[in-house]
Number of protein chains: 2
Amino acid sequence: METKPYTKPDEIEKQSFAIITDLLAGRSFPAGEDEIVKRVIHTTADFEYAENLIFSPGAVNRAKEALAAGATVVTDTGMALAGISKPTLERLGGQAVCFMADPEVAAEAKARGVTRAVVSMERAAGLPGELIFAIGNAPTALLRLRELIREGALSPALVIGVPVGFVNVVEAKELFLREETPYIIARGRKGGSNVAAAIVNALLYQLVKREGF
Amino acid sequence: METKPYTKPDEIEKQSFAIITDLLAGRSFPAGEDEIVKRVIHTTADFEYAENLIFSPGAVNRAKEALAAGATVVTDTGMALAGISKPTLERLGGQAVCFMADPEVAAEAKARGVTRAVVSMERAAGLPGELIFAIGNAPTALLRLRELIREGALSPALVIGVPVGFVNVVEAKELFLREETPYIIARGRKGGSNVAAAIVNALLYQLVKREGF
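In this text, all values refer to a predicted model and were calculated from it rather than measured experimentally.

Chemist: I keep staring at unusual backbone geometry and nothing clicks. Help me out?
Modeler: For residues other than glycine, phi is negative in most cases, and the peptide bonds are mostly trans. Residues and elements named next belong to chain A. The residue Ala-25 is not glycine, and still its phi comes out positive at about 50°. The residue Ala-25 is located in the loop between helix 1 (9-23) and helix 2 (33-44) in this model. The class for Ala-25 is exposed, based on a relative accessible area of 67%.

Chemist: Help me understand the pattern of salt bridges, please; the structure alone is not making it clear to me.
Modeler: Any two side chains of opposite charge can pair, on the condition that their charged atoms come close. Residues and elements named next belong to chain A. Per the counting criterion, the structure on display carries 34 salt bridges over all chains. For the salt bridge of Glu-174 with Arg-187, the shortest nitrogen-to-oxygen distance reads 2.8 Å. With Glu-174 in helix 10 (residues 169-177) and Arg-187 in the loop between strand 6 (183-186) and helix 11 (193-207), the pair connects residues that are 13 residues apart, well separated along the chain. Residue classification places Arg-187 among the partly exposed positions, given a relative accessible area of 40%. Through salt bridges with shared partners, one network takes in Glu-108, Arg-112, Glu-122, Arg-144, Glu-147 and Glu-151.

Chemist: What is the right way to read the packing of helix 1 of chain A against helix 2 of chain A from this model?
Modeler: In a pair of packed helices, the angle between the axes and the distance between the axes together describe the arrangement. Residues and elements named next belong to chain A. At a minimum axis distance of 10 Å, the contact between helix 1 and helix 2 shows a crossing angle of 105°. With respect to each other, helix 1 and helix 2 are oriented roughly perpendicular. On helix 2, the residues touching Glu-13, Ser-16, Phe-17, Ile-20 and Thr-21 of helix 1 are Glu-35, Lys-38, Arg-39, Ile-41 and His-42.

Chemist: How should I be thinking about the sheet that holds strand 6 of chain A in this particular structure?
Modeler: Strands belonging to one sheet form pairs held by backbone hydrogen bonds; the direction of such a pair is parallel or antiparallel. Residues and elements named next belong to chain A. The strand order 1-6-5-4-2-3 describes an open sheet built from six strands, whose pairing is mixed. Strand pairing shows two members of the sheet lacking a second neighbour, strand 1 (53-55) and strand 3 (95-98), which therefore form its edges. The sheet shows a mean angle of 15° between the axes of neighbouring strands, direction not considered. The pairing of strand 2 (residues 72-75) with strand 3 spans four bridges and is classified as parallel. By the bridge assignment, Val-74 is partnered in strand 3 with Val-97. Seen against the sheet, helix 4 (residues 59-68) touches strand 1, strand 2, strand 4 (131-135), strand 5 (158-161) and strand 6 and runs at an angle of roughly 120° to strand 4. Packing against the sheet, helix 11 makes contact with strand 1, strand 2, strand 4, strand 5 and strand 6, and its axis sits at approximately 145° to strand 5.

Chemist: Would you mind showing me how to read helix 1 (residues 9-23) of chain B here?
Modeler: Owing to its 3.6 residues per turn, the α-helix aligns residues three or four sequence positions apart on the same side. All names here are of chain B. With 15 residues, helix 1 should cover 21 Å at 1.5 Å per step; its first-to-last C-alpha distance of 21 Å lies within 8% of that length. For helix 1, the complete set of buried residues consists of Glu-13, Ser-16, Phe-17 and Ile-20. Along helix 1, the residues classed as buried sweep out an arc of 100° about the axis, all on the same side. Exposed residues lying more than 90 degrees from the buried face of helix 1 are Lys-14 and Asp-22. Check the buried side of helix 1 and you find it contacts helix 2 (33-44).

The rules we used
- Residues numbered from 1 in each chain as written.
- Chains lettered and ligands numbered in written order.
- Predicted model: local features only at pLDDT ≥ 70, side-chain atom pairs only at ≥ 80, totals over all residues.
- Heavy atoms only, no water.
- Helix = DSSP H or I, 4+ residues; strand = E, 2+ residues; numbered from the N terminus.
- Buried < 20%, exposed > 50% of the residue type's maximum accessible area, 1.4 Å probe, protein only.
- Salt bridge = Lys/Arg side-chain N within 4 Å of Asp/Glu carboxyl O.
- Axes fitted to C-alpha atoms, helices over the stretch in contact; angles between N-to-C directions.
- Parallel < 35°, antiparallel > 145°, perpendicular 65-115°, else oblique.
- Contact = heavy atoms within 4.5 Å.
- Pairing = 2+ DSSP bridges.
- Expected span 1.5 Å × (residues − 1).
- Arc of directions from axis to C-beta.

Next comes the structure, spelled out in structure tokens:
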């Protein structure tokens with residue numbers, strides 16, 4: 001096995017998706033959701049996501065419409081922000097933001113005795129235009145989003161609820177699954193910033209054809 | 001379930017590690033490796049990492065010595081770079097770098113017909129001081145590191161070899177497992193930028209006590 005001659009990244013990805021499809025052994029998903037499930041498996045090599053990912057009815061189309069209109073994607077970690085394909089998002093007139101590292105957010109969270117994720121979600125709720133939330137880490141972000149939506153302070157185009165973990169994570173996701181808001185949730189403990197970014201990218205790549213990469 | 005009153009992040013993490021220890025049902029790992037295995041499970045909620053992670057003899061101690069002396073951590077993605085605790089690394093006099101987004105790296109890769117990861121690793125090999133490589137994405141990075149080490153151009157303190165994927169990934173890891181270089185490898189298809197960052201952080205947090213976070 002040599003580093004040269006090498007296979008191009010787009011060719012590697014095509015081969016990878018063919019192997020994933022093969023390993024899914026005939027399991028099929030609705031158009032739009034299929035690309036998301038497979039990209040998450042591509043990102044994690046974890047086939048449990050074929051079972052875990054729950055899509056609310058119409059969520060994928062609603063999110064794609066918002067992204068096509070230049071939506072803002074809000075993340076709860078710098079890792080998820082780093083993983084989102086910004087060139088693709090920007091071609092659609094959108095942007096990605098994360099307020100977690102903002103010193104004012106940290107100071108307000110400390111003063112109020114809440115998490116930085118809570119303050120970050122409140123700040124994001126005030127942004128103009130269509131909003132998509134990509135939550136890969138903090139269950140408190142998901143809980144605060146639910147409250148803001150119920151209060152009528154926020155009406156997101158999509159909430160990607162894939163925090164990972166062992167404390168309050170499963171419960172926060174189960175609560176959110178009962179909401180009317182468009183969502184994509186990874187049921188159970190699994191998820192992560194990489195999964196959140198992969199879901200955003202799987203939506204973007206349905207809208208913008210990439211070449212070579 | 002309310003967002004207030006909330007449990008502090010350090011308390012949540014402590015509870016999470018206790019749950020992980022409990023779910024590992026008496027399985028134990030050598031000191032130093034234990035913290036790494038558990039932090040990777042904390043990051044992924046995937047207990048397969050209790051089986052997958054392979055440590056070369058002495059790798060953890062060698063890496064901790066290098067980090068204590070201000071090593072540079074080289075990643076193969078912006079996501080892994082974003083996930084590493086830079087404040088902790090900087091307290092030890094170290095830094096983290098990633099050359100993947102450098103336009104010169106992209107241009108050279110295109111001209112030579114190799115991946116950007118290959119060129120990034122060559123560039124990193126020329127850095128001064130102790131080097132730790134955290135590879136969460138590109139099998140070609142791992143293959144090129146192996147060549148550079150064999151050529152005598154590089155002698156890293158640690159190679160974290162946890163690329164994820166379906167094409168060339170398993171093979172690149174199996175080749176690296178035969179090397180004498182200190183390594184931590186996630187055997188099989190699984191891994192990722194989040195896993196790479198978690199391993200670096202698990203080493204750092206053994207050296208620097210965090211408070212509150």
